[in-house]
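So the chains spell out like this:
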Amino acid sequence: RGLLIKDGQASEAVPVVAEKKEVTPPPEKKEEKKVADISISRPSYEDVAKRIKESDEVVVLLQEAQSVLGRTIGYDGQSVIIQMLDDYGLPPEVILMAIEYSLSLKKTGWASIGRVAKRWSEMEIDTLEGAMEYIEEHNIVDETWTKLRELTEITNRNPTEKQRKYLVAWVKEYGYSVDIIYCAYEESIDNTGKMSMPYMDKIIRSWHDKGVKTLADIQNERAKWETEKKKRFSKDKKSTNSTEGEASYDIDAYMKKSLNLQYVKTDSESGA
């Protein structure tokens, strides 16, 4: 760049031209493509009439559905039932069970009945046994959740899917009553300051592993815990006191060593 010159020579100003660096523009962000939810198109009047004409199974299913509902079924109901059969792949007996279950929940609209059928199709519930098991679990969960709401400050009218799984395990698998679950709720509040279903699950699993079955068993476990805690505290206190004494001695020794203090005899000790 002409910055170095020989001795005696006059320097000439050399213009410095800044090197141009090619700047690559950042790639343009592609807008996220939004895709509409896939919806199953309802069969037309002609499709419904065709399915009724060509299939005795559909005819019998519609007749049985009318009997369960206690009313005649028009095009809306016929189209939904045919969707359950053709699009969701549910057998006729399971479809009738879905209708009966919806009626037990006092949800008689076809949209509600269709949601039950859709859920069962997603869960691959395609037998009467599977449908009955689903209904039994939901009845247990709903009853337990209602009682918990009465005992606690829970405001949710219905539990989430994750909460349902916990409740099914606690009630159906472990056989625990609402009173036991409420004790786990109290433990969660005392130790975390809030209701935590995962925390409650750890407590309940621990009780189950220890054979805890009643409220009296829980009281015994709590008494054992308090006794162990007191023993541990007493042991830790003794250990701390012992450590404190040793620490005082060690600190004195360390200070003497660090200051290089030596014991020097006094005149009286040396006999002078």
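Refer to the structure printed above.
Since the structure is predicted, the reported quantities are computational estimates derived from the model, not experimental observations.

Within the fold, Asp 201 resides in helix H9 (residues 197–209). Side-chain polar atoms of Asp 201 contact the side chain of Trp 170, separated by 2.9 Å. If near-sequence neighbours (up to four positions away) are discounted, Asp 201 is found in contact with Tyr 166 and Trp 170.

The full count for this structure, using the stated rule, is seven aromatic pairs. Seen from their ring centres, Tyr 45 and Tyr 75 are 4.1 Å apart, and the 25° between their planes marks the pair as stacked. Linking Tyr 45 in helix H1 (residues 45–54) with Tyr 75 in helix H3 (residues 75–86), this pair joins segments that are 30 residues apart in sequence. The exposed category is assigned to Tyr 45, whose relative accessible area is 58%. Note on Trp 120 and Tyr 134: the rings are 5.6 Å apart at their centroids and 75° apart in plane angle, and the pair reads as edge-to-face. Separated by 14 residues along the polypeptide, Trp 120 in helix H5 (residues 110–122) and Tyr 134 in helix H6 (residues 128–151) bring together distant segments of the chain. Take Trp 120 and Tyr 134: they sit in the same class, and that class is buried.

Glancing now at the side chain of Glu 221. If you trace the backbone, Glu 221 turns up in helix H10 (residues 215–258). Residue classification places Glu 221 among the buried residues on the basis of a relative accessible area of 19%. Leave out the neighbours within four places in its chain, and Glu 221 touches Lys 210 and Val 212.

Residues Ile 81, Ile 95, Ile 99, Trp 110 and Trp 120 are the most contacted members of the largest nonpolar core, which totals 29 residues. Every element with two or more residues in this core is listed here: helix H2 (56–69), H3, helix H4 (92–104), H5 and H6. Those residues in contact with Ile 95 that sit more than four places away from it in its chain are Leu 61, Ile 81, Met 84, Leu 85 and Leu 90.

Bringing the packing of H3 against H4 into the picture now. Where H3 meets H4, the axes come as close as 10 Å, and the angle between the chain directions of the two elements is 130°. By the angle between their directions, the pair H3 and H4 is classed as oblique. The handedness of the crossing between H3 and H4 comes out as right-handed. Taking contact as the criterion, the partners of Ile 81, Met 84 and Leu 85 in H3 are, on H4, Pro 92, Ile 95 and Ile 99. Each residue belonging to the contact of H3 with H4 can be placed in one class, and the counts come to six nonpolar, no polar and no charged.

Parameters and conventions
- Residues numbered from 1 in each chain as written.
- Predicted model: local features only at pLDDT ≥ 70, side-chain atom pairs only at ≥ 80, totals over all residues.
- Heavy atoms only, no water.
- Helix = DSSP H or I, 4+ residues; strand = E, 2+ residues; numbered from the N terminus.
- Polar contact = N/O pair within 3.5 Å; in protein donor to acceptor, adjacent residues only side chain to side chain.
- Contact = heavy atoms within 4.5 Å.
- Phe/Tyr/Trp six-rings, centres within 6.5 Å; stacked < 30°, edge-to-face > 60°.
- Buried < 20%, exposed > 50% of the residue type's maximum accessible area, 1.4 Å probe, protein only.
- Core = buried A, V, L, I, M, F, W, Y, C linked by side-chain atoms within 4.5 Å.
- Axes fitted to C-alpha atoms, helices over the stretch in contact; angles between N-to-C directions.
- Parallel < 35°, antiparallel > 145°, perpendicular 65-115°, else oblique.
- Left-handed = near helix turned anticlockwise from the far one by under 90°.
- Nonpolar A, V, L, I, M, F, W, Y, C, P; charged D, E, K, R; others polar.

In short, the description is geometric, and any link to function would need to be established separately.
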